[in-house]
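Summary of structural features
As a plain string of letters, each chain reads:
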Amino acid sequence: MTGLAFLAPVQVKTTDAIHDINSVREALVFLNQWPKVRRGPVYSCAVRSCNAAIAGQMTTEQARQAFVSFARIAGVLAKSDFSPLAGVDQKPSVSERGP
């Protein structure tokens with residue numbers, strides 16, 4: 001399903017490399033490999049969000065943001081993540097209004 005692909009990959013770091021997570025399904029694979037002793041509420045939220053996106057109950061971007069939050073809190077986010085949608089509709093305002 002191409003609808004589950006992220007607009008921009010999420011880069012996560014492991015002990016041996018940096019990985020690009022490109023979809024909801026890849027995020028779930030990463031989450032399922034996460035050590036059980038390190039799973040907590042933010043992990044559970046990310047898993048539920050990915051499953052909700054697969055079921056069509058949440059957008060892919062919402063699931064991506066939940067995964068980014070997990071990665072940031074877990075300390076595995078490789079670099080600052082900026083959502084590809086952030087600021088899309090923000091344009092410098094030009095206030096040249098006539099009388």
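Each remark here, short or long, concerns the structure printed above.
Attention in this report is confined to the structure presented alongside it.

Rules behind the numbers
Residues numbered from 1 in each chain as written. Predicted model: local features only at pLDDT ≥ 70, side-chain atom pairs only at ≥ 80, totals over all residues. Heavy atoms only, no water. Phe/Tyr/Trp six-rings, centres within 6.5 Å; stacked < 30°, edge-to-face > 60°. Helix = DSSP H or I, 4+ residues; strand = E, 2+ residues; numbered from the N terminus. Buried < 20%, exposed > 50% of the residue type's maximum accessible area, 1.4 Å probe, protein only. Axes fitted to C-alpha atoms, helices over the stretch in contact; angles between N-to-C directions. Parallel < 35°, antiparallel > 145°, perpendicular 65-115°, else oblique. Left-handed = near helix turned anticlockwise from the far one by under 90°. Contact = heavy atoms within 4.5 Å. Nonpolar A, V, L, I, M, F, W, Y, C, P; charged D, E, K, R; others polar.

**With respect to the packing of aromatic side chains**
With the rule as written, the count across this model stands at five aromatic pairs. With a centroid separation of 6.1 Å and an interplanar angle of 70 degrees, the aromatic rings of Tyr-43 and Phe-70 are classed as edge-to-face. Placement of Tyr-43 in helix H2 (residues 41-54) and of Phe-70 in helix H3 (residues 60-74) is noted, with a sequence separation of 27 residues between them. Each member of the pair, Tyr-43 as well as Phe-70, carries the same accessibility label: buried. A ring pair is formed by Phe-67 and Phe-70, whose centres lie 6.1 Å apart and whose planes are at 35 degrees; its orientation type is tilted. One end of the pair, Phe-67, and the other, Phe-70, are both in helix H3, three residues apart, so they sit about a helical turn from each other. Overall, the relative accessible area of 0% leaves Phe-67 in the buried class. Of the residues examined, Phe-70 reaches a relative accessible area of 3% and is grouped as buried.

**Details of the packing of H2 against H3**
If you want to describe how two helices pack, look at the angle between their axes and the distance between the axes. Between H2 and H3, the shortest axis-to-axis distance is 8 Å and the interhelical angle comes to 160 degrees. In terms of their interaxial angle, H2 and H3 are classed as roughly antiparallel. Handedness of the crossing formed by H2 with H3: left-handed. Together, Val-42, Tyr-43, Ala-46, Ser-49, Cys-50 and Ala-53 of H2 and Ala-63, Ala-66, Phe-67, Ser-69, Phe-70 and Ile-73 of H3 make up the contact between the two elements. Grouping the amino acids of the contact of H2 with H3 by side-chain chemistry returns ten nonpolar, two polar and no charged.

**Focus: the packing of helix H1 (residues 24-32) against H2**
Contact geometry for H1 and H2: axes closest at 10 Å, N-to-C directions at 150 degrees. Relative to H2, the crossing made by H1 is left-handed. Contact with H1, carried on its side by Val-24, Arg-25, Ala-27, Leu-28, Leu-31 and Asn-32, involves Tyr-43, Ala-46, Val-47, Cys-50, Asn-51, Ala-53 and Ile-54 of H2 and no other residues of that element. Here the contact of H1 with H2 is built from residues that sort into ten nonpolar, two polar and one charged.

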